[in-house]
Amino acid sequence: MQKKSEILLISASAGSGKTHALTRRYVRLLLNGAAPESILAVTFTNNAAKEMRERILTWLKKAAAGAAGGETTQLMEDTGLTMPALQAKAAGILENLLSNYYNLHVQTIDSFLNRIAMSSAGELGMPLNPEITMSHTRLVDVALYSIFSKEGAGALTRAEVDSFLDSLPPGDSYPWDPVEKMREIYSNFLAFEGKSDGEITAPPDTDKEFKAAKGRLLEEAAAFIKLVDDKKLTYRMKSGKKETRYYADALKTGVRDAILSGDPFAIAEKFSKDHGFFNGNKVQGQSIPEELLRPMLGLKEHIKAFIVLNASHRLAGFVRIYPKFKAELERIKSGKEDIAHIDDIAKKISAYLRKDGRGSVPEIYIRLGERIEHFLIDEFQDTDDVQWRALLPLVQEALSRGGSLFVVGDIKQAIYMFRYADYKIMRAFMEALEKGPSGGADPLELNAVVALAEKGNRKVEKLDINYRSGGVIVGHAEDLFKNRLPAYRDGEILSPDKDPSGLTAYAQAAVKGREETGLYRELVFDRKAILTAKAAAQEDEDTGEETGDITDPQVSAKLVELIKDAHKRYRYDQIAVLSKENVN
């Protein structure tokens, strides 16, 4: 009988047992007859891979011993085996795995792709036995030294160096020794390119547009401050003496000086999302008159345009010589150094698979495609485009032969976007599974993958029980994300119909019997309340728009008190203090 392909996506919130689900799936496949070498489990970290391998062996040991408990019961339900049959089968599988441990393929995606690359070094144009590095620093330093010392074929000419130095924005601290800044910027460029199919290319010359945007911003800012200083527009205080005040007196400290200085960056720094150039403590609840609101909103757009053009303008000089730097970097990596960055591996595999649009695959893919039938992918929300493209041919081959794809993730926990992980892959995959494959654009071939499994054999499941936290903590998190955060953001991005993160739409409950367990306390420090001169702070001082933070002596003293109190019950290494900024 022909095997039917299966695709299952598990959406698992924190504490809901995703590692349990992965382990259960893996052991179930083994008990249903899948050979260990036909299963590949991909994790995000080495620690996660180690934990999952240990759990697989533990589940098999318990089943082989006939130990009573949840895992054994679940395996009997999954397989339909009686206890004696389960014991016998688990014992045989366990003995096989311990004798051939190399067949237990649970590893990070980087480790798996590295194995592919080393087996296909010639086809991919990589060194045969490179040193794998996770840092660009050494490579960047060698390449920069080479092009500036004119030792390599990619050395910069005098004209190129002069042009580069002339392009640097005035007033920066690095025009005579730009190497440190080049090291930082080029490392960021390489990190971006390594996690995407794109390349950094020189933008069109934006010098004229940049100067024009700067001029418009300064001109409109000067007109705005003149309008405010005419002192024709007033508001009425809602606290204190409730007297009438001029809007000119409600400007944040430093706004007037910033505008008069003609420094566009100082102007941008003084503009806030909620109240623009005004002190929120003074104008909160006021309806800013149209005569002021309209030009202030116009300034907001001028600031945004200036910031975008400034970013391009500041990097233009670096980008122009980047191709030469990159060519020298590649020469070094494939030459005497024999170094490969971890990101190079997935990038080169992905590029080879899409070479000339002909869909070529390295020979190792053919061999792996014949062997691997079942894929389990952990932390799917942290997969990036390049990694997915590198796995795609193997996944499609497995599904086309009646194999399976089992992915686990949680869009709410997508915290690696700074490494170019793309949670939208998981979101799009969920939508394709729930609604069925569509006929629209499919750049990552997610719909094509979904179409390889029949409708009844593809689904999304959600784990909605939190086994880690008590009901009090679960309820507090739900209130924070579903009620308070959307209200604070005024529905800007976190209303249920505009929520890309899933923070406002998830469902989770505590384990039965633990609904009332757990503890949280919330202390709100109001800057007005803790400053000694409270009345003066409200009416005459610009105390900012934020509530009190750790920089306030009263707040820091209270924080120390709370830590000491917690230390009566917990060790210091069990206590975490989270701060908004590193400086705090």
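Structure's up top.
The rules behind the values
- Residues numbered from 1 in each chain as written.
- Predicted model: local features only at pLDDT ≥ 70, side-chain atom pairs only at ≥ 80, totals over all residues.
- Heavy atoms only, no water.
- Helix = DSSP H or I, 4+ residues; strand = E, 2+ residues; numbered from the N terminus.
- Buried < 20%, exposed > 50% of the residue type's maximum accessible area, 1.4 Å probe, protein only.
- Contact = heavy atoms within 4.5 Å.
- Areas by Shrake-Rupley, 256 points an atom, 1.4 Å probe, with all protein chains shown as cover.
- Pairing = 2+ DSSP bridges.
- 1 Å grid on protein atoms, 1.4 Å probe; cavity = no way out; pocket = protein on both sides within 12 Å on 5 of 7 lines; lining within 4 Å.
- Points joined across faces, edges and corners; volume = space filled by probe spheres on them.
- Phe/Tyr/Trp six-rings, centres within 6.5 Å; stacked < 30°, edge-to-face > 60°.
- Lys NZ or Arg CZ within 6 Å of the ring centre and 35° of its normal.
- Axes fitted to C-alpha atoms, helices over the stretch in contact; angles between N-to-C directions.
- Parallel < 35°, antiparallel > 145°, perpendicular 65-115°, else oblique.
- Left-handed = near helix turned anticlockwise from the far one by under 90°.
- Nonpolar A, V, L, I, M, F, W, Y, C, P; charged D, E, K, R; others polar.
- Salt bridge = Lys/Arg side-chain N within 4 Å of Asp/Glu carboxyl O.
- Core = buried A, V, L, I, M, F, W, Y, C linked by side-chain atoms within 4.5 Å.
- Right-handed = clockwise from strand over helix to strand, strands pointing away.
- Arc of directions from axis to C-beta.
- Expected span 1.5 Å × (residues − 1).

1. As for the overall build of the protein
Now for step 1: Assigned secondary structure in the protein consists of 23 helices and 12 strands.
Now for step 2: In the protein, buried positions account for 42% of the 584 residues.
Now for step 3: Summarising the internal contacts of the protein: among those between residues at least 6 apart in sequence, 75% fall at separations of at least 24.
Now for step 4: Looking at the protein as shown, the accessible area adds up to about 31400 Å², and 52% of this sits on carbon and sulfur atoms.

2. Considerations on the environment of Tyr 247
Now for step 1: As for its placement among the helices and strands, Tyr 247 is situated in the loop between strand 6 (244-246) and helix 11 (255-261).
Now for step 2: On a C-alpha basis, the gap between Tyr 247 and Val 228 in space is 6.6 Å, while along the polypeptide they are 19 residues apart.

3. So, unusual backbone geometry
Now for step 1: Of note in the backbone geometry, Glu 379 takes a positive phi value of approximately 50° without being a glycine.
Now for step 2: Considering the arrangement of structural elements, one finds Glu 379 in the loop between strand 8 (374-377) and helix 17 (385-400).

4. Remarks on the pairing of strand 2 (residues 39-43)
Now for step 1: Of all 5 residues making up strand 2, 5 are buried, and the element is well covered by its neighbours.
Now for step 2: Both faces of strand 2 are covered, namely the face carrying Ile 39, Ala 41 and Thr 43 and the face carrying Leu 40 and Val 42.
Now for step 3: Pairing analysis gives 4 bridges linking strand 2 to strand 8, with the strands arranged parallel. Residue pairing in the sheet places Leu 40 in a bridge with Phe 375 of strand 8.

5. Re empty space enclosed by the protein
Now for step 1: Tallying each qualifying case throughout the model produces 2 cavities of 30 Å³ or more.
Now for step 2: For the largest cavity, the calculated volume is near 90 Å³.
Now for step 3: Of all elements in the fold, only strand 2 and helix 17 reach the threshold of two or more residues within the lining of the largest cavity.
Now for step 4: The dominant element in the lining of the largest cavity, judged by the number of residues it contributes, is helix 17, at 3 residues.

6. So, the packing of aromatic side chains
Now for step 1: Summed over all chains, the structure comprises 14 aromatic pairs.
Now for step 2: Aromatic pair Phe 224 and Phe 277: ring centres 5.5 Å apart, planes at 40°, arrangement tilted. Here Phe 224 is found in helix 10 (residues 207-229), whereas its partner Phe 277 is found in the loop between helix 12 (264-270) and helix 13 (280-283), with 53 residues between them in sequence.
Now for step 3: Three or more aromatic residues joined by ring pairs form one cluster here, namely Tyr 186, Phe 189, Phe 318, Tyr 322 and Phe 325.
Now for step 4: The ring of Tyr 423 has Lys 424 lying over it, and the distance from NZ or CZ to the ring centre is 5.4 Å.
Now for step 5: The lysine or arginine in question, Lys 482, covers the ring of Tyr 506, its NZ or CZ lying 5.0 Å from the ring centre.

7. Digging into the packing of helix 2 (residues 46-65) against helix 4 (residues 83-99)
Now for step 1: Look at helix 2 against helix 4: their axes get within 7 Å of each other, and the N-to-C directions meet at 140°. Relative to helix 4, helix 2 is oriented oblique. The element helix 2 and its partner helix 4 pack so that their crossing is left-handed. Along its contact with helix 2, which presents Leu 57, Leu 60, Lys 61, Ala 63, Ala 64 and Ala 65, the element helix 4 presents Leu 86, Gln 87, Ala 90, Ala 91, Ile 93, Leu 94, Leu 97 and Leu 98.
Now for step 2: Classifying every residue of the contact of helix 2 with helix 4 by side-chain character gives 12 nonpolar, 1 polar and 1 charged.

8. A look at the pattern of salt bridges
As a working rule, side chains carrying opposite charge can pair if their charged atoms are close by.
Now for step 1: For the coordinates displayed, the defined rule picks out 22 salt bridges.
Now for step 2: With a closest N to O distance of 2.8 Å, Asp 78 and Arg 24 form a salt bridge. Of this pair, Asp 78 sits in helix 3 (residues 70-79) while Arg 24 is found in helix 1 (residues 18-31), placing the two residues 54 residues apart along the sequence.
Now for step 3: For Arg 24, a relative accessible area of 25% translates into the label partly exposed.
Now for step 4: Close ionic contact of Arg 571 with Asp 573 constitutes a salt bridge, the shortest N to O distance being 3.0 Å.
Now for step 5: On the basis of relative accessible area, Asp 573 is assigned to the exposed category, the value being 60%.
Now for step 6: By sharing partners, the salt bridges in this structure join Lys 18, Asp 378 and Glu 379 into a single network.

9. Describing the environment of Ile 364
Now for step 1: Its place among the elements puts Ile 364 in helix 16 (residues 363-371).
Now for step 2: For the pair Ile 364 and Arg 115, spaced 249 residues apart in sequence, the C-alpha separation works out to 9.6 Å.
Now for step 3: Residues in contact with Ile 364, not counting those within four places in the same chain, are Ile 116, Ser 119 and Ser 120.

10. Description of the nonpolar core
Now for step 1: Judged by nonpolar contacts, the single largest core of 48 residues is most densely connected at Phe 112, Leu 113, Ile 116, Ile 349, Leu 405, Phe 429 and Val 449.
Now for step 2: Among the elements that make up this core, the one with the highest residue count is helix 17 (9 residues).
Now for step 3: Phe 429 has contacts with Ile 7, Leu 9, Phe 380, Leu 405, Val 407, Leu 446, Val 449 and Val 450, leaving out every residue within four places of it along the chain.

11. Let's talk about the pairing of strand 9 (residues 404-409)
Residues in a regular strand project their side chains so that they alternate between the two faces of the sheet.
Now for step 1: Of all 6 residues making up strand 9, 6 are buried, and the element is well covered by its neighbours.
Now for step 2: Of the two faces of strand 9, the one lined by Ser 404, Phe 406 and Val 408 and the one lined by Leu 405, Val 407 and Gly 409 are each fully buried.
Now for step 3: The pairing of strand 1 (residues 6-12) with strand 9 spans 6 bridges and is parallel. Bridge pairing in strand 9 links Ile 7 to Leu 405.
Now for step 4: Crossover strand 8 to strand 9 through helix 17 is right-handed.

12. Description of helix 5 (residues 109-119)
Now for step 1: Taken residue by residue, helix 5 has Ile 109, Asp 110, Phe 112, Leu 113, Ile 116 and Ala 117 as its buried positions. Looking straight down helix 5, one finds its buried side chains confined to an arc of 160°; they lie on one side.

13. Thoughts on the sheet that holds strand 1
Now for step 1: Judged by pairing direction, the sheet is parallel, and its 6 strands sit side by side in the order 3-2-8-9-1-10 without closing on themselves. Two strands lie at the open edges of the sheet, namely strand 3 (106-108) and strand 10 (458-463), each paired on one side alone. Neighbour-to-neighbour, the strand axes of the sheet open up by a mean angle of 15°, direction not taken into account.
Now for step 2: The strands that helix 17 touches are strand 1, strand 8 and strand 9; relative to strand 8, the one it contacts most, it runs at about 135°.
Now for step 3: Sheet strands in contact with helix 18 (residues 423-435) are strand 1, strand 9 and strand 10, and its direction is about 125° off that of strand 1.

14. Describing the side chain of Ser 38
Now for step 1: Checked against the element boundaries, Ser 38 lands in the loop between helix 1 and strand 2.
Now for step 2: Residue Ser 38 is classed as buried on the basis of its relative accessible area, which comes to 6%.

15. A closer look at helix 4
Now for step 1: When the terminal C-alpha atoms of helix 4 are compared, their 24 Å separation across 17 residues agrees well with the 24 Å that a helix rising 1.5 Å per residue should span.
Now for step 2: Of all the residues in helix 4, the buried ones are Leu 86, Ala 90, Ile 93, Leu 94 and Leu 97. Around the axis of helix 4, the buried residues are gathered within 105° of arc, so they sit on the same side. What points out from helix 4, more than 90 degrees from its buried face, is the exposed set Pro 84, Ala 88, Glu 95 and Ser 99.
Now for step 3: Against helix 1, helix 2 and helix 3 lie the buried residues of helix 4.

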